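Listed below are the residues making up each chain.
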Amino acid sequence: MSEITSSKPEITNPFEQILTDCQHDPSKVQDCYEDHRTNRNAQSKAKLLSPDFSGWQTDEILRKLHAQAANTQRDNEPSFVDPRNNFTLYARPPPNIRELVAEIQADIQDAAPAIWLTPPDFLHITVIEMASGRTEADVEAFLAHLQESGTIPDLVDYTFHHRTRLVKPILSYDATAMALSFVPAAGEDTAVGNQTYCGEGDKYTYHHLRHDLFDRLTATGLLMKPRYVVPSAHVTIARFFTHDGFVAGGSRPDGVPVVDQERVVALVERIEQINEKLRQKYWPQENGAMPAEGEWIVGQGKGLELCKGRSYYGGGENVVTGKGFP
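Small disclaimer: the values here were computed from a predicted structure and weren't measured. (Residues numbered from 1 in each chain as written. Predicted model: local features only at pLDDT ≥ 70, side-chain atom pairs only at ≥ 80, totals over all residues. Heavy atoms only, no water.)

A. Local environment of the environment of V127. Its place among the elements puts V127 in strand β4 (residues 125-134). It is 8.6 Å that separates the C-alpha atoms of V127 and L213, two residues lying 86 residues apart in sequence. The contacts of V127, once residues within four sequence positions are left out, are L89, Y90, A91, Y206, L209, R210, L213 and L304. (Helix = DSSP H or I, 4+ residues; strand = E, 2+ residues; numbered from the N terminus. Contact = heavy atoms within 4.5 Å.)

B. Examining the pairing of β4 more closely. Of all 10 residues in β4, eight are buried, a share of seventy percent or more. Note: strand β2 (residues 85-91) against β4, six bridges, orientation antiparallel. Note on β4: the bridge partner recorded for T88 is E129. (Buried < 20%, exposed > 50% of the residue type's maximum accessible area, 1.4 Å probe, protein only. Pairing = 2+ DSSP bridges.)

C. Just the pattern of salt bridges, in detail. In total, this model carries 19 salt bridges according to the counting rule given. With its nearest N and O atoms 2.9 Å apart, the salt bridge here joins R84 to D82. Residue D82 is classed as buried on the basis of its relative accessible area, which comes to 4%. R98 is the salt-bridge partner of D121, the closest N and O atoms lying 3.5 Å from each other. A residue pair is termed long-range when its members are at least 10 positions apart, and D121 in the loop between β3 (116-117) and β4 and R98 in helix α4 (residues 95-111) qualify at 23 residues. (Salt bridge = Lys/Arg side-chain N within 4 Å of Asp/Glu carboxyl O.)

D. Representation of unusual backbone geometry. Residue Q23 is not a glycine yet carries a positive backbone phi of 55°. Relative to the assigned elements, Q23 resides in the loop between α1 (16-21) and α2 (26-48). The backbone of K168 shows a phi angle near 55°, a positive value even though the residue is not glycine. Inspection of the secondary structure puts K168 in strand β5 (residues 164-173).

E. Main features of the environment of L146. Position of L146 among the secondary structure elements: in helix α5 (residues 136-149). Residue L146 is classed as buried on the basis of its relative accessible area of 0%. Between the C-alpha atom of L146 and that of D107, which follows or precedes it by 39 residues, the distance is 42 Å. Leaving out residues up to four positions away in the same chain, L146 has contacts with F87, M130, T151, I152, L155, L217, T220 and L222.

F. Molecular detail of the sheet that holds strand β15 (residues 305-309). Taken in spatial order, the four strands of this open sheet run β4-β2-β15-β16, and their pairing is antiparallel. Looking at which strands have only one partner, the edges of the open sheet turn out to be β4 and β16 (317-321). Direction aside, the axes of adjacent strands within the sheet are offset by 15° on average. Where β2 and β15 come together, five bridges link them in antiparallel fashion. (Axes fitted to C-alpha atoms, helices over the stretch in contact; angles between N-to-C directions.)

G. Focus on the packing of aromatic side chains. The tally for this structure, following the rule as stated, stands at eight aromatic pairs. Pairing F53 with W56 gives two aromatic rings, centres 5.3 Å apart and planes at 70°, and the pair type is edge-to-face. Residue classification places F53 among the buried residues on the basis of a relative accessible area of 6%. For W56, a relative accessible area of 5% translates into the label buried. Measuring from ring centre to ring centre gives 5.6 Å for F182 and W296, while their planes differ by 85°; the resulting arrangement is edge-to-face. Of this pair, F182 sits in strand β6 (residues 177-184) while W296 sits in strand β14 (residues 296-298); the two residues are 114 residues apart in sequence, bridging distant segments of the chain. Comparing F182 with W296 shows no difference in burial state: the two are buried. An aromatic cluster is defined as three or more aromatic residues linked by ring pairs; in this entry it consists of F53, W56, F240 and F246. Above the plane of the ring of F246 lies R263, whose end atom (NZ or CZ) is 5.2 Å from the centre. Its guanidinium or amino end placed over the ring of W283, R279 lies 5.6 Å from that ring's centre, counting from NZ or CZ. (Phe/Tyr/Trp six-rings, centres within 6.5 Å; stacked < 30°, edge-to-face > 60°. Lys NZ or Arg CZ within 6 Å of the ring centre and 35° of its normal.)

Now the structure itself:
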(Lines give C-alpha, C1' and ligand atoms only; values in the text may rest on other atoms or scores of the structure.)
Protein backbone atom coordinates (compact mmCIF):
# COMPACT_ATOMS: atom_id res chain seq x y z
CA MET A 1 0.00 0.00 0.00
CA SER A 2 1.34 3.43 -0.90
CA GLU A 3 1.36 6.35 1.49
CA ILE A 4 2.86 9.85 1.69
CA THR A 5 5.14 10.98 4.48
CA SER A 6 6.91 14.25 5.20
CA SER A 7 9.70 12.45 7.04
CA LYS A 8 12.48 10.53 5.38
CA PRO A 9 12.37 7.03 6.92
CA GLU A 10 14.87 4.40 5.90
CA ILE A 11 13.17 2.42 3.15
CA THR A 12 14.56 -0.89 1.90
CA ASN A 13 14.66 -0.88 -1.89
CA PRO A 14 13.07 -4.21 -2.94
CA PHE A 15 15.17 -4.26 -6.12
CA GLU A 16 18.48 -3.94 -4.27
CA GLN A 17 18.91 -7.57 -3.21
CA ILE A 18 19.11 -8.99 -6.73
CA LEU A 19 21.71 -6.41 -7.77
CA THR A 20 23.75 -7.18 -4.67
CA ASP A 21 23.47 -10.95 -5.13
CA CYS A 22 24.44 -10.57 -8.81
CA GLN A 23 27.27 -8.14 -8.00
CA HIS A 24 25.71 -5.77 -10.58
CA ASP A 25 26.90 -8.17 -13.30
CA PRO A 26 24.53 -7.97 -16.32
CA SER A 27 25.05 -11.66 -17.15
CA LYS A 28 24.07 -12.71 -13.63
CA VAL A 29 21.07 -10.36 -13.64
CA GLN A 30 19.96 -11.89 -16.94
CA ASP A 31 20.36 -15.39 -15.49
CA CYS A 32 18.19 -14.38 -12.54
CA TYR A 33 15.39 -13.21 -14.84
CA GLU A 34 15.79 -16.29 -17.04
CA ASP A 35 15.62 -18.67 -14.08
CA HIS A 36 12.47 -16.96 -12.81
CA ARG A 37 10.52 -17.24 -16.05
CA THR A 38 11.79 -20.74 -16.88
CA ASN A 39 10.77 -22.07 -13.46
CA ARG A 40 7.43 -20.31 -13.62
CA ASN A 41 6.60 -21.75 -17.04
CA ALA A 42 7.57 -25.23 -15.84
CA GLN A 43 5.27 -24.89 -12.83
CA SER A 44 2.44 -23.60 -15.01
CA LYS A 45 2.83 -26.41 -17.51
CA ALA A 46 2.70 -29.02 -14.74
CA LYS A 47 -0.42 -27.42 -13.29
CA LEU A 48 -2.27 -27.11 -16.60
CA LEU A 49 -1.48 -30.65 -17.70
CA SER A 50 -2.35 -32.18 -14.34
CA PRO A 51 -5.50 -34.38 -14.26
CA ASP A 52 -6.59 -32.17 -11.35
CA PHE A 53 -6.60 -28.98 -13.45
CA SER A 54 -10.06 -27.48 -12.94
CA GLY A 55 -9.93 -24.71 -15.56
CA TRP A 56 -8.79 -21.16 -16.11
CA GLN A 57 -8.80 -18.60 -13.34
CA THR A 58 -11.08 -16.30 -15.29
CA ASP A 59 -10.97 -12.53 -14.82
CA GLU A 60 -14.51 -11.62 -13.74
CA ILE A 61 -13.93 -7.86 -13.90
CA LEU A 62 -12.66 -8.19 -17.44
CA ARG A 63 -15.65 -10.39 -18.30
CA LYS A 64 -18.05 -7.71 -17.10
CA LEU A 65 -16.21 -4.96 -18.95
CA HIS A 66 -16.12 -7.04 -22.11
CA ALA A 67 -19.83 -7.86 -21.92
CA GLN A 68 -20.62 -4.20 -21.38
CA ALA A 69 -18.50 -3.10 -24.32
CA ALA A 70 -20.13 -5.76 -26.52
CA ASN A 71 -23.62 -4.83 -25.25
CA THR A 72 -24.20 -8.44 -24.16
CA GLN A 73 -24.89 -7.84 -20.47
CA ARG A 74 -28.37 -8.55 -19.16
CA ASP A 75 -30.89 -5.72 -19.29
CA ASN A 76 -31.26 -5.66 -15.52
CA GLU A 77 -27.50 -5.48 -14.92
CA PRO A 78 -26.31 -2.03 -13.79
CA SER A 79 -23.50 -0.30 -15.63
CA PHE A 80 -20.19 -1.68 -14.39
CA VAL A 81 -17.16 0.45 -13.51
CA ASP A 82 -13.78 -1.07 -12.65
CA PRO A 83 -13.26 -0.05 -8.99
CA ARG A 84 -9.48 -0.33 -9.15
CA ASN A 85 -7.53 2.89 -9.60
CA ASN A 86 -3.80 2.61 -10.16
CA PHE A 87 -0.79 4.90 -10.42
CA THR A 88 2.09 3.57 -12.48
CA LEU A 89 5.10 4.23 -14.66
CA TYR A 90 4.65 2.30 -17.89
CA ALA A 91 7.02 1.52 -20.74
CA ARG A 92 5.11 1.19 -23.99
CA PRO A 93 6.62 -1.16 -26.60
CA PRO A 94 8.19 0.19 -29.80
CA PRO A 95 6.71 -0.75 -33.22
CA ASN A 96 8.84 -3.86 -33.72
CA ILE A 97 7.62 -5.38 -30.44
CA ARG A 98 4.01 -4.44 -31.16
CA GLU A 99 4.30 -6.25 -34.50
CA LEU A 100 5.78 -9.28 -32.78
CA VAL A 101 2.95 -9.29 -30.23
CA ALA A 102 0.31 -9.13 -32.99
CA GLU A 103 1.89 -12.13 -34.70
CA ILE A 104 1.91 -14.14 -31.47
CA GLN A 105 -1.64 -13.12 -30.55
CA ALA A 106 -2.93 -14.43 -33.88
CA ASP A 107 -1.18 -17.73 -33.23
CA ILE A 108 -2.64 -17.96 -29.71
CA GLN A 109 -6.17 -17.14 -30.81
CA ASP A 110 -6.04 -19.93 -33.34
CA ALA A 111 -5.77 -22.35 -30.41
CA ALA A 112 -7.91 -20.36 -27.95
CA PRO A 113 -10.53 -18.41 -29.98
CA ALA A 114 -12.37 -16.97 -26.97
CA ILE A 115 -9.32 -15.53 -25.21
CA TRP A 116 -9.12 -11.76 -24.61
CA LEU A 117 -6.25 -10.12 -26.47
CA THR A 118 -4.65 -6.96 -25.16
CA PRO A 119 -5.32 -4.12 -27.66
CA PRO A 120 -2.15 -2.63 -29.23
CA ASP A 121 -2.55 0.71 -27.44
CA PHE A 122 -2.85 -1.06 -24.07
CA LEU A 123 0.41 -3.03 -24.34
CA HIS A 124 2.88 -2.09 -21.61
CA ILE A 125 5.48 -3.16 -19.11
CA THR A 126 4.86 -1.96 -15.57
CA VAL A 127 8.26 -0.53 -14.67
CA ILE A 128 7.15 0.81 -11.29
CA GLU A 129 3.75 0.52 -9.65
CA MET A 130 3.21 3.36 -7.19
CA ALA A 131 -0.35 2.45 -6.20
CA SER A 132 -2.75 -0.35 -7.06
CA GLY A 133 -6.46 -0.84 -6.41
CA ARG A 134 -6.92 2.53 -4.70
CA THR A 135 -9.66 5.15 -4.81
CA GLU A 136 -9.60 8.03 -7.28
CA ALA A 137 -8.98 10.41 -4.40
CA ASP A 138 -5.94 8.40 -3.27
CA VAL A 139 -4.42 8.45 -6.74
CA GLU A 140 -5.07 12.17 -7.17
CA ALA A 141 -3.31 12.79 -3.86
CA PHE A 142 -0.28 10.79 -4.99
CA LEU A 143 -0.19 12.70 -8.29
CA ALA A 144 -0.44 16.06 -6.53
CA HIS A 145 2.40 15.01 -4.25
CA LEU A 146 4.67 14.16 -7.18
CA GLN A 147 3.72 17.35 -9.00
CA GLU A 148 4.63 19.38 -5.93
CA SER A 149 7.94 17.54 -5.60
CA GLY A 150 8.91 18.54 -9.14
CA THR A 151 10.25 15.08 -9.94
CA ILE A 152 7.83 14.04 -12.69
CA PRO A 153 9.94 15.30 -15.64
CA ASP A 154 12.98 13.45 -14.29
CA LEU A 155 10.98 10.26 -13.82
CA VAL A 156 9.36 10.07 -17.24
CA ASP A 157 12.55 11.19 -19.06
CA TYR A 158 14.75 8.81 -17.10
CA THR A 159 15.17 6.31 -19.93
CA PHE A 160 16.44 9.05 -22.25
CA HIS A 161 19.65 9.27 -20.21
CA HIS A 162 19.66 5.73 -18.81
CA ARG A 163 19.16 3.38 -21.72
CA THR A 164 18.60 -0.29 -21.18
CA ARG A 165 17.75 -3.22 -23.46
CA LEU A 166 15.41 -6.16 -23.12
CA VAL A 167 16.10 -9.25 -25.22
CA LYS A 168 15.31 -12.96 -25.76
CA PRO A 169 11.49 -12.86 -25.85
CA ILE A 170 9.47 -15.92 -24.90
CA LEU A 171 5.81 -16.49 -24.11
CA SER A 172 5.17 -16.91 -20.39
CA TYR A 173 1.86 -18.27 -19.17
CA ASP A 174 -0.28 -19.51 -16.31
CA ALA A 175 -3.97 -20.25 -15.69
CA THR A 176 -4.88 -16.56 -15.81
CA ALA A 177 -2.98 -14.96 -18.68
CA MET A 178 -0.11 -14.99 -21.16
CA ALA A 179 2.71 -12.49 -21.48
CA LEU A 180 5.63 -11.84 -23.76
CA SER A 181 8.56 -11.80 -21.36
CA PHE A 182 12.11 -10.54 -21.80
CA VAL A 183 15.39 -10.59 -19.91
CA PRO A 184 17.82 -7.70 -19.43
CA ALA A 185 20.51 -7.63 -22.11
CA ALA A 186 24.03 -8.72 -21.17
CA GLY A 187 26.32 -7.72 -24.02
CA GLU A 188 24.53 -9.43 -26.93
CA ASP A 189 25.40 -7.95 -30.31
CA THR A 190 22.51 -6.70 -32.43
CA ALA A 191 22.17 -7.47 -36.13
CA VAL A 192 20.43 -4.84 -38.29
CA GLY A 193 20.43 -5.84 -41.93
CA ASN A 194 24.03 -6.67 -42.83
CA GLN A 195 25.44 -4.64 -39.95
CA THR A 196 26.24 -5.86 -36.45
CA TYR A 197 26.27 -3.45 -33.54
CA CYS A 198 28.27 -4.26 -30.44
CA GLY A 199 26.25 -4.64 -27.24
CA GLU A 200 28.88 -3.50 -24.75
CA GLY A 201 26.67 -0.84 -23.15
CA ASP A 202 24.58 -3.16 -21.01
CA LYS A 203 26.14 -2.56 -17.61
CA TYR A 204 23.03 -0.55 -16.74
CA THR A 205 20.29 -3.15 -16.84
CA TYR A 206 16.51 -2.99 -16.73
CA HIS A 207 16.71 -4.04 -13.09
CA HIS A 208 18.97 -1.05 -12.35
CA LEU A 209 16.29 1.13 -13.94
CA ARG A 210 13.58 -0.25 -11.65
CA HIS A 211 15.89 0.14 -8.65
CA ASP A 212 16.77 3.75 -9.39
CA LEU A 213 13.20 4.85 -10.08
CA PHE A 214 12.11 3.34 -6.77
CA ASP A 215 14.80 5.36 -4.96
CA ARG A 216 13.75 8.59 -6.66
CA LEU A 217 10.12 8.06 -5.80
CA THR A 218 10.74 7.23 -2.15
CA ALA A 219 13.02 10.27 -1.87
CA THR A 220 9.91 12.42 -2.42
CA GLY A 221 8.19 10.83 0.57
CA LEU A 222 6.04 8.43 -1.43
CA LEU A 223 6.13 5.10 0.41
CA MET A 224 5.42 2.15 -1.88
CA LYS A 225 4.99 -1.59 -1.73
CA PRO A 226 4.87 -2.45 -5.44
CA ARG A 227 3.43 -5.79 -6.50
CA TYR A 228 5.99 -6.30 -9.25
CA VAL A 229 9.32 -6.83 -7.49
CA VAL A 230 10.16 -10.27 -8.90
CA PRO A 231 12.79 -10.47 -11.67
CA SER A 232 10.36 -10.16 -14.54
CA ALA A 233 10.01 -7.92 -17.59
CA HIS A 234 6.74 -8.89 -19.21
CA VAL A 235 3.98 -7.39 -21.29
CA THR A 236 0.63 -9.15 -20.84
CA ILE A 237 -0.81 -9.96 -24.26
CA ALA A 238 -3.82 -12.21 -23.47
CA ARG A 239 -6.13 -13.02 -20.56
CA PHE A 240 -8.66 -15.74 -19.82
CA PHE A 241 -12.11 -14.35 -19.05
CA THR A 242 -14.23 -17.33 -20.11
CA HIS A 243 -14.01 -21.13 -20.24
CA ASP A 244 -15.48 -21.13 -23.76
CA GLY A 245 -13.65 -23.57 -26.01
CA PHE A 246 -12.19 -25.56 -23.11
CA VAL A 247 -15.29 -27.26 -21.69
CA ALA A 248 -15.79 -30.98 -22.32
CA GLY A 249 -19.45 -30.92 -21.29
CA GLY A 250 -21.18 -31.41 -17.99
CA SER A 251 -20.12 -30.17 -14.58
CA ARG A 252 -18.32 -31.51 -11.56
CA PRO A 253 -20.15 -31.92 -8.22
CA ASP A 254 -19.02 -28.41 -7.21
CA GLY A 255 -20.63 -26.94 -10.35
CA VAL A 256 -17.36 -26.18 -12.14
CA PRO A 257 -17.44 -27.16 -15.85
CA VAL A 258 -15.42 -30.23 -16.83
CA VAL A 259 -12.24 -29.20 -18.59
CA ASP A 260 -11.48 -30.47 -22.08
CA GLN A 261 -7.97 -31.73 -21.36
CA GLU A 262 -7.18 -32.26 -25.03
CA ARG A 263 -7.80 -28.59 -25.78
CA VAL A 264 -5.60 -27.56 -22.87
CA VAL A 265 -2.83 -29.88 -24.08
CA ALA A 266 -3.15 -28.43 -27.58
CA LEU A 267 -2.81 -24.88 -26.25
CA VAL A 268 0.28 -25.74 -24.19
CA GLU A 269 1.80 -27.38 -27.26
CA ARG A 270 1.05 -24.25 -29.29
CA ILE A 271 2.77 -22.09 -26.68
CA GLU A 272 5.85 -24.31 -26.80
CA GLN A 273 5.87 -24.11 -30.60
CA ILE A 274 5.69 -20.31 -30.41
CA ASN A 275 8.60 -20.24 -27.96
CA GLU A 276 10.70 -22.44 -30.20
CA LYS A 277 10.05 -20.05 -33.10
CA LEU A 278 11.00 -17.09 -30.92
CA ARG A 279 14.28 -18.72 -29.90
CA GLN A 280 15.17 -19.57 -33.49
CA LYS A 281 14.18 -16.23 -34.98
CA TYR A 282 14.84 -13.58 -32.30
CA TRP A 283 17.53 -14.96 -30.01
CA PRO A 284 21.29 -14.74 -30.76
CA GLN A 285 22.10 -16.59 -33.98
CA GLU A 286 25.03 -18.85 -34.86
CA ASN A 287 27.21 -15.82 -35.62
CA GLY A 288 26.43 -14.43 -32.13
CA ALA A 289 24.36 -11.54 -33.42
CA MET A 290 20.75 -11.07 -32.37
CA PRO A 291 18.07 -9.78 -34.76
CA ALA A 292 16.94 -6.28 -33.82
CA GLU A 293 13.28 -7.23 -34.38
CA GLY A 294 13.24 -9.03 -31.02
CA GLU A 295 15.04 -6.31 -29.07
CA TRP A 296 13.25 -3.74 -26.91
CA ILE A 297 15.26 -0.64 -26.08
CA VAL A 298 13.27 0.88 -23.22
CA GLY A 299 12.44 4.49 -24.04
CA GLN A 300 12.87 4.15 -27.79
CA GLY A 301 10.28 6.30 -29.56
CA LYS A 302 8.81 7.61 -26.32
CA GLY A 303 9.89 7.80 -22.71
CA LEU A 304 8.12 6.38 -19.70
CA GLU A 305 4.40 7.07 -19.31
CA LEU A 306 2.96 8.29 -16.04
CA CYS A 307 -0.47 6.69 -16.01
CA LYS A 308 -3.32 6.94 -13.53
CA GLY A 309 -6.85 5.65 -13.09
CA ARG A 310 -8.43 2.43 -14.31
CA SER A 311 -5.29 1.17 -15.98
CA TYR A 312 -5.22 -2.46 -14.85
CA TYR A 313 -5.37 -3.73 -18.44
CA GLY A 314 -3.13 -1.02 -19.89
CA GLY A 315 -5.61 1.77 -20.47
CA GLY A 316 -6.13 4.53 -17.94
CA GLU A 317 -5.28 8.20 -18.27
CA ASN A 318 -1.90 9.25 -19.59
CA VAL A 319 -0.74 12.10 -17.36
CA VAL A 320 2.48 12.71 -19.27
CA THR A 321 4.91 10.78 -21.50
CA GLY A 322 8.64 11.29 -21.33
CA LYS A 323 11.10 12.17 -24.05
CA GLY A 324 12.00 9.32 -26.35
CA PHE A 325 14.90 8.75 -28.70
CA PRO A 326 15.09 7.39 -32.29
